[in-house]
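Next come the chains, spelled out residue by residue.
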Amino acid sequence: MAKGIREREFQNLMIQWSIPIGWGFTAGRSLPRETTQTVIIGQLRDAIVRLNPGVIDGFDVDAVVEEIVATVNAVEGGLVRANEQVLRMLRGRKEFRDGDGVWHALKVIDLEHPTANTLVVSDEVTITVPGKTSRRFDLVYWVNGLPLVVVEVKSPTAESGWIDAAHEINNVYAAEYPWFFTPNVFAVASDGRKIRFGAAGAPTNLWQPFRSTADDENLSGQDDVKRSVELLLNPATVLDVLANFALFDTSGGGVDKKYLPRYPQMEAAHLIHERVLAGGQKGLIWHHQGSGKTLLMVFAASLLLADTRTESPTIILLSDRTQLVRQTSGVFTSAMGDAYFHKPATSQELRSLLADDVRGVISTTVHKFADAGKNLSTRSNIIVLVDEAHRTQSAKEKSLAGQMRAALPHAKFFGMTGTPVRNLATDTFTLFGEETDHGRVLHRYSVSRSLLDEATVPVMLDARPVLFEIEDQALQAEFDQFADDFDLDDPDREALSRKFGRLTSVFANPDRIHAVCQDIVDHYLAGAYRNGLKAQVVAYNRELAVAYRDKINELLAGFEVSQVLAEVGKHDRITAEVNISVSDAKNENPAMRPFQLSETEEEEQKRRFLSPDGPLCFLVVTSKLMTGFDAPNEGVLYLDKPLKAHTLFQTITRPNRTWVSPSGFMKTSGVVVDYIGLAEEVQRAVADPTSEGAGKGGGFVTDPSELVAEFRTTFARIEDLLVDVDGLDLTVHGYESVRAINVFLDANRGAAEVFAKDYRLLARLYPLISTDKRVTKYRDGFGLFGSVYTTLFKKSSDEERKERLAELGPMVLEIINAHVHSFNVVASQEEALVLDAQGIVILKELLALVRPKPDKDDEDNTPSAAEILDRIKAALDKGVEPGSAKYTALAERIKQLRDRIIQNSQDALEFLSEALRIARAIVNAEKHPDNAVVVLDDDHVGVLSRIIHDHAPTGLTVTERNLAEEIDLVVTRTLAQSWDNADARNRGARRATAAVFRRYMLKPVGEPYDSTVAYIEAHYLVD
């Protein structure tokens, strides 16, 4: 069946779904309009007469219609401004002069009674003017002859999707015929599988689905599209958006914007409005971080201010930080103007506004209520909308929130939060939640819904723990000798031990700073930078934030970075800056004063960071900008600070905003690179704090028992799959077990895919139940399966590496709907870690739990298999006579290596050892061209991988192949680093090599470790 018919079939389905909800159907070709006209004149004229009885008799109706049509067709100043003017008219806010010269506001559309209007849906609506290409809209929804909604559809079976339909609306229809879109409330794009709505001309990442939080999250495909049509295109919804939720920012100073609501914002705003009208005193709005709570507050305020039944209320937009006040105020004034808007600069000014009974909107911080006294205003129509309601909100009388409630005893309080808290100090549910609300929550928009709606993107937690060695006995002995020399008593020894043995001592180590910053720069340049994304770095304290900034800038000035920048071609230089809290107090550290930013300087810094083309790519922070900072172009957050609870959750959701770059790159996920090992803390941070939960899909972990049961069932499936692996002991996490499973998976077609699917499910579940005693007995087996998966599915290309990151990331949180791979990492501790004798022992025990993550060097330039084979052959053929002894020796060794039959794992390791010795010989041959064969190219990194690739017998599994590849990666990194001296370089190479062997459950002694070290030394040691 032809594609066009498929599209037409879907158009017909949408019409069929639209008729029962109130629309009448008229074919586009049968509409009483000329194809050059935007408005159906007759229907508009009839509506004007019908909706304005008692007033319209004094008007020349045709003149009124002509004036409306002229307003619709005027697009000077751009589409957004024209759309704002037309919608203002449709809301009844434009006055017309009658025959006696008296001005009246005429009703063009009845916004309160949808069925009082003429409602028509038409297909194949043509628009044309002389000199332009005619265009045909798939569907148009008319209200009183005005085209309020335009729909473009694509075939459900075609390759093109809803985003292609949205691009046609933006780049073709609205660009060529903007006057057809001046009455537009919203546009709709669908491919039959998904449906999205947005403002015509708005970036496609701002187009949203329209659902209901009361519906099943599992609704998908055509059922989901049908339900969305019934909800979104219901005449009541279209007119509700027109009347209350289409807001504009055309104040100048930037690109004109039109704000449209997400469906949870509409639902919550209406619930707040209804609660106020019903005389309710409070309500808790629990919406996922990054889903638009600030705009929700604006929509709610708009409804309350517009309703005369609220009797001119005072609405307080309350934040706990001045930067959030600025953010909220900016959104509010741009969307609604600054009439009746107040932002008091001082506590006294706030008290004066409330005491003087000022109406409208007041944007302020909770701190300005300090010492406000009791009964500052006793009015009941004061509505306080509290942003980040889990912070600084307490029922204690002496707290800031307590003083605010005493000053406003009859006010109504609505809390907005993505992380409600229930602990001994704070209970967000009791403070803001009505007992009659389910779970004490007035409205809930869960993490899973946010991700399903693509309102936020998944965030992957990429664990990269920083390992180091401590010679505890030597350290303790030296400390004891020092204490003896200075005749220190036990209390002094304890004091010194505590002062200098804290965790900060480890973090401030210059070698650690260099290692972390080098990894940050490498990781960023390999991925996020190439896509135009920016990065945030969270350091342990202010001093380290400055140190990280300095080190990152030092590395960014290096030759290697300049090569990457030249390759990308966007910047000659990129930089890092700090954003830290610096006070004016006398006891402020003088070293910190240069980093104090004024309000203007901070806003300018954030502007430069948010600029896609700006060279400011890193913001280094320690506490500021970790919450409440909305940066859609932030793609990665480097976390090197222990955090807990809601602070950790809000921090790790910084990169979860949607974003499309100017070049068209669409951000599909964010990354948090974790240098601390926060797996267990993340699990605690995302746990649903409600006692009852909020229903399935509402919490992060609503019922651990269900997750444990699913984990056990999945684990058992893998056990059954591997039942024929001889001698397999799942409690032995070693090289031979990994290899035995790989041999089995290689030999049984389809087994690897089954194993991978079930393992990925285990990896998603494990971080959420890892502390549950019921899964303790599975930990060894889970770790073994993880090693098998890592070796079996090791990727190389950049695109595959991104896919692997999504699958192998140490955690994929339920809250962000991403995949999880659990590494047994150390849980973070906020309290100081003392490195005295006992503390060192504890630290070593903790560090023994850490498993390093494999290196992720960029391998885009890896040669093809044919190129590798040609190089190996050329290396053996060039520079010597074919019959020479040296040539014969190497060629014979290669031949023997190739012909060798692998019998068991030990033979495989012997094969690897021999391959390493040959690889070393080839490298040494290049160093001494007069005495041996010559490798053709200068880049002889990867010789081992090439030999393995071309000469390995069939018995060699992916385990040894990947081990060889990682050995070559150690060479790459060793050669790339700058070392103070040869000894430091030798130690670094050996440590890196040992880490690779431990990762493969091999002891870093004997063979093939010795041959590996010798091979690596052949690369980097200077003769």
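Residues numbered from 1 in each chain as written. Predicted model: local features only at pLDDT ≥ 70, side-chain atom pairs only at ≥ 80, totals over all residues. Heavy atoms only, no water.

Engineer: I'd like to hear about the overall build of the protein, residue by residue, with values.
Structural biologist: The number of helices and strands found in the protein is 36 helices and 23 strands. Put simply, the protein has 1023 residues, and 55% of those count as buried. Long-range contacts, defined here as pairs at least 24 residues apart, represent 74% of the contacts in the protein between residues at least 6 apart. (Helix = DSSP H or I, 4+ residues; strand = E, 2+ residues; numbered from the N terminus. Buried < 20%, exposed > 50% of the residue type's maximum accessible area, 1.4 Å probe, protein only. Contact = heavy atoms within 4.5 Å.)

Engineer: Describe the nonpolar core, listing the residues and the values that go with them.
Structural biologist: Of all hydrophobic cores here, the largest spans 110 residues; its most connected members are M14, L90, L148, F180, F181, F186 and L385. For this core, the leading source of residues is helix α9 (residues 293-306), giving nine residues. The contacts of L90, once residues within four sequence positions are left out, are V108, I109, L111, L146, L148, P183 and L242. Core analysis: the second largest hydrophobic core is formed by 43 residues, M460, I552, I574 and V673 among them. (Core = buried A, V, L, I, M, F, W, Y, C linked by side-chain atoms within 4.5 Å.)

Engineer: A description of unusual backbone geometry should follow, citing residues and the corresponding values.
Structural biologist: Trans peptide bonds make up most of the peptide bonds, and negative phi angles are found at most residues other than glycine. The backbone phi angle of S312 is positive, close to 50 degrees, even though this residue is not glycine. Here S312 is to be found in the loop between α9 and β12 (314-319). For D357, which is not a glycine, the phi torsion comes out positive at approximately 65 degrees. Inspection of the secondary structure assignment puts D357 in the loop between α11 (347-355) and β14 (360-365). Look at D357 and you get partly exposed, because its relative accessible area is 33%.

Engineer: For the pairing of strand β5 (residues 135-143), give the residues involved together with the corresponding values.
Structural biologist: In terms of burial, β5 is largely enclosed, as seven of its nine residues are buried. As paired elements, strand β4 (residues 119-127) and β5 share eight bridges and run antiparallel to each other. Looking across to β5, one finds that V120 is bridged to W142. The antiparallel pairing of β5 with strand β6 (residues 146-153) creates a hairpin that spans two residues between the two strands, and N144 there sits at a positive phi of about 55 degrees. (Pairing = 2+ DSSP bridges.)

Engineer: Pulling in residues and values, what's your account of the pattern of salt bridges?
Structural biologist: Two side chains with opposite charge may pair up if their charged atoms get near one another. Scanning all chains against the criterion turns up 31 salt bridges. The salt bridge partner of R512 is D640, with a shortest N-O separation of 2.8 Å. With R512 in helix α18 (residues 510-526) and D640 in the loop between β22 (634-639) and α22 (645-652), the pair connects residues that are 128 residues apart, well separated along the chain. Each member of the pair, R512 as well as D640, is classed as buried. (Salt bridge = Lys/Arg side-chain N within 4 Å of Asp/Glu carboxyl O.)

Engineer: Account for the sheet that holds strand β7 (residues 186-190), with residues named and values stated.
Structural biologist: The mixed open sheet is built from six strands, whose spatial order is β1-β4-β5-β6-β7-β8. One side of each edge strand has no neighbouring strand; the edge strands of this open sheet are β1 (24-25) and β8 (195-198). In this structure, β1 lies alongside β4, joined through two bridges in parallel fashion. Paired with F25 across the two strands is V121, which belongs to β4.

Engineer: Account for the packing of aromatic side chains, naming residues and giving values.
Structural biologist: Remark: the centre distance and the inter-plane angle together describe each pair of aromatic rings, the angle taken between the planes. Scanning all chains against the criterion turns up 24 aromatic pairs. Plain terms: the ring middles of Y177 and W179 are 5.5 Å apart, the flat faces sit at 75 degrees to each other, and that makes the pair edge-to-face. Each member of the pair, Y177 as well as W179, is classed as buried. Taken together, F711, F715, F755, Y759, Y778, F782 and F785 form an aromatic cluster joined through their ring pairs. One residue, R444, lies across the ring of W286, its end atom 3.4 Å from the ring centre. Here the basic side chain of K534 rests over the ring of F609, its NZ or CZ set 5.6 Å away from the ring centre. (Phe/Tyr/Trp six-rings, centres within 6.5 Å; stacked < 30°, edge-to-face > 60°. Lys NZ or Arg CZ within 6 Å of the ring centre and 35° of its normal.)

Engineer: Describe the environment of S352, listing the residues and the values that go with them.
Structural biologist: As for its placement among the helices and strands, S352 is situated in helix α11. Assessed through its relative accessible area of 28%, S352 is described here as partly exposed. Sequence separation of S352 and L376 is 24 residues, and the distance between their C-alpha atoms is 9.2 Å.

Engineer: With reference to specific residues and values, describe the packing of helix α7 (residues 235-245) against helix α8 (residues 263-277).
Structural biologist: Put simply, α7 and α8 touch, their axes get as near as 12 Å, and they point 70 degrees apart. Relative to α8, the element α7 lies roughly perpendicular. Remark: the crossing between α7 and α8 carries left-handed chirality. Contacts from D240, V241 and F245 in α7 reach M266, A269 and H270 in α8. Class assignment for the residues of the contact of α7 with α8 results in four nonpolar, one polar and one charged. (Axes fitted to C-alpha atoms, helices over the stretch in contact; angles between N-to-C directions. Parallel < 35°, antiparallel > 145°, perpendicular 65-115°, else oblique. Left-handed = near helix turned anticlockwise from the far one by under 90°. Nonpolar A, V, L, I, M, F, W, Y, C, P; charged D, E, K, R; others polar.)

Engineer: I'd like a rundown of the packing of helix α2 (residues 41-51) against helix α3 (residues 61-73), residues and numbers included.
Structural biologist: Between α2 and α3, the least distance of the axes is 10 Å, while the angle of their chain directions is 120 degrees. Here α3 runs oblique to α2, going by the angle between their axes. Where α2 crosses over α3, the two elements pack in a sense that is right-handed. Contacts between α2 and α3 involve I41, L44, R45, I48 and V49 from the first element and V61, D62, V64, V65, I68 and V69 from the second. For the contact of α2 with α3, the per-class residue count stands at nine nonpolar, no polar and two charged.

Engineer: Summarise the side chain of T310; cite the residues concerned and give the values.
Structural biologist: When you line up the elements, T310 lands in the loop between α9 and β12. Within the local environment of T310, its side chain forms a polar contact with the backbone oxygen of L304, the two atoms lying 2.8 Å apart. The residues touching T310, leaving out its near neighbours within four places in the chain, are V276, L277, L304 and N381. (Polar contact = N/O pair within 3.5 Å; in protein donor to acceptor, adjacent residues only side chain to side chain.)

Engineer: Summarise the sheet that holds β14; cite the residues concerned and give the values.
Structural biologist: Note: strands within a sheet are paired through backbone hydrogen bonds, in either parallel or antiparallel orientation. The parallel open sheet is built from seven strands, whose spatial order is β13-β14-β12-β15-β16-β11-β17. A strand with exactly one partner marks an edge of an open sheet, and here the two such strands are β13 (341-342) and β17 (443-445). With five bridges joining them, β12 and strand β15 (residues 382-386) adopt parallel strand pairing. When the bridges of β15 are listed, I316 appears paired with V384. Strands in contact with α8 are β11 (282-287), β15, β16 (412-417) and β17; relative to β11, the strand with the most contacts, it is inclined by about 175 degrees.

Engineer: Before we move on, can you summarise α7 with the specific residues and values?
Structural biologist: Most of α7 sits out of view: 10 of its 11 residues are buried. Listed in full, the buried residues belonging to α7 are P235, T237, V238, L239, D240, V241, L242, A243, N244 and F245. Of the residues flanking the start of α7, the one acting as N-cap is N234, its side-chain oxygen 3.0 Å from the backbone nitrogen of A236.

Engineer: Before we move on, could you go through the confidence of the model for the protein and cite the residues and values that matter?
Structural biologist: Put simply, the protein has an average pLDDT of 75, and 69% of its residues get 70 or more. A low-confidence stretch, residues 690-703 stays under pLDDT 50, and its non-local contacts, those more than four residues away or across chains, total 32 contacts. (pLDDT = per-residue confidence, 0-100.)

Engineer: Talk me through the side chain of R275; I want residue IDs and the actual numbers.
Structural biologist: Mapping R275 onto the fold places it in helix α8. Apart from the residues lying within four places of it in its own chain, the contact partners of R275 are G280, K282, G283, F414, E434, D437 and L442.

Engineer: Go over the pairing of strand β21 (residues 616-621), please, and point to the residues and values.
Structural biologist: With six of its six residues buried, β21 lies for the most part within the structure. As paired elements, strand β19 (residues 534-538) and β21 share four bridges and run parallel to each other. Looking at the pairing, A535 lines up with F618 of β21. Pairing analysis gives four bridges linking strand β20 (residues 575-578) to β21, with the strands arranged parallel. Pairing of E577 across the sheet is with L619, part of β21. The handedness of the β20 to β21 crossover, carried by helix α21 (residues 599-610), is right-handed. (Right-handed = clockwise from strand over helix to strand, strands pointing away.)

Engineer: An account of the environment of T35 is needed here, citing residue identities and associated values.
Structural biologist: Along the chain, T35 falls in the loop between β1 and α2. The sequence separation of T35 and R135 amounts to 100 residues, and the corresponding C-alpha distance is 9.9 Å. Residues in contact with T35, not counting those within four places in the same chain, are T126, I127 and T128.

Engineer: Report on helix α4 (residues 79-90), specifying residues and quantitative values.
Structural biologist: An ideal rise of 1.5 Å per residue puts 16 Å on 12 residues; α4 measures up with 16 Å between its terminal C-alpha atoms. Among the residues of α4, L79, A82, N83, V86, L87, M89 and L90 are the ones counted as buried. Buried residues of α4 fall within an arc of 150 degrees about the axis and therefore sit on the same side. (Expected span 1.5 Å × (residues − 1). Arc of directions from axis to C-beta.)

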